[in-house]
Amino acid sequence: MSGTKSGKGGLEMVSLVHSSGANAEIYLWGATLTSYKTPDGKERIFCSPAAIFDGKKAIRGGVPVVFPQFGQPSKDLPQHGFARTSQWTVLSIMDTVEASYAIFELQDSSETRAVWDFSFQLQYTVFLTASSLTMSLKVHNIGQNLFRFHALLHTYLVIPDISDVRVSGLAGRKYVDKAAGGDTKVEQSDEIAVPSFVDRIYIASGLGRACDVVVRTSKGTPVAMTINEGRIRGELQPCDVVVWNPYESNSPADLPPPAFKEFVCVEPGLVNEFQSLDPNELAELSQRIIPLSFERGGSVCICS
Ligand code: TA6
């Protein structure tokens, strides 16, 4: 039975429990999803063992919600914006045969307007089924003035080992290589390895459709597929995809090595350029995670 309960650090969270045995946990602090387990009990989302649950700092790992800026183009706003360090409210929690889901909301406040003087409403839905998890962020301009924003879902996916991962689905895309001074390059490879610190913004290409990014091991064992989609004013918008792993060289304090070995970030976003919304316009960003393999009795099974 899904519901709210007290989590780490006494922070309130929503526990989604689907009849299949799949479950997920989302803290109201930042609407941060910190756990997604498939019916086999296997954890699919990485959360740092040193994550701080104090209601002040962003929770390290899981799926932080990034809004209204990615990085820190405006020094008036914190790195990655204020959404991940705000207390969200829960609008609803539902259990149905198909899915268990929760809807979270964040609206502008005196604190947010002090650093970003616009009226907005974010609605974030986490939708859990037996075979997948879908996170969908809606950005609504409820003010009188146009605003420009970034949005991103900063997903930390569990993998067997970062030195053995292959990320596919981004071939041919231009990307900003933040680990190489921000140079713009073109991805030549169908399967991206992550042998060292990687921090890349794969720029939305004009394909006008969702972007499927598959994570595998070097031996080809599929780990997860992610379906990443953006919409602006209802129109399907190719979304950017950020791929990140800090390795030891760039691991922050709340992510002490060797934790970097256990995840790769595959982050759908509207971040390479600021998006603009006129009053009463809506943007959406979603990611569906479909785990493709799980261990059962020591052997790896591939979900159909
Ligand atoms: O998504 C990649 C990135 O922008 C990296 O540049 C790195 O800063 C990472 O996010 C983590 O940022 P955080 O503010 O959570 O430490």
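Reading the values: the criteria
Residues numbered from 1 in each chain as written. Predicted model: local features only at pLDDT ≥ 70, side-chain atom pairs only at ≥ 80, totals over all residues. Heavy atoms only, no water. Helix = DSSP H or I, 4+ residues; strand = E, 2+ residues; numbered from the N terminus. Buried < 20%, exposed > 50% of the residue type's maximum accessible area, 1.4 Å probe, protein only. Contact = heavy atoms within 4.5 Å. Core = buried A, V, L, I, M, F, W, Y, C linked by side-chain atoms within 4.5 Å. Pairing = 2+ DSSP bridges.

### Topic: the environment of Gln79
Tracing the backbone through its elements, the reader meets Gln79 in the loop between strand E5 (65–66) and strand E6 (89–95). Gln79 sits in the partly exposed class, given a relative accessible area of 38%. Separated by 162 residues in the primary sequence, Gln79 and Val241 place their C-alpha atoms 18 Å from one another. Residues contacting Gln79, with those up to four places away along its chain left out, are Gly71, Gln72 and Arg84.

### Regarding the nonpolar core
Trp88, Phe104 and Tyr124 are the most contacted members of the largest nonpolar core, which has 63 residues in total. Beyond its immediate sequence surroundings of up to four residues, Trp88 is in contact with Leu28, Gly30, Ala31, Val65, Ala83, Phe104, Glu105, Leu106, Leu122, Tyr124 and Leu137. Core analysis: the second largest hydrophobic core is formed by eight residues, Leu152, Val176, Ile201 and Val242 among them.

### A closer look at the pairing of E6
As a general feature of sheets, a regular strand has side chains that alternate between the two faces. Note: E6 against strand E7 (residues 100–107), six bridges, orientation antiparallel. The residue bridging Ile93 from the neighbouring strand is Ala102, located in E7. Once E6 ends, the chain turns through four residues before running back antiparallel as E7.

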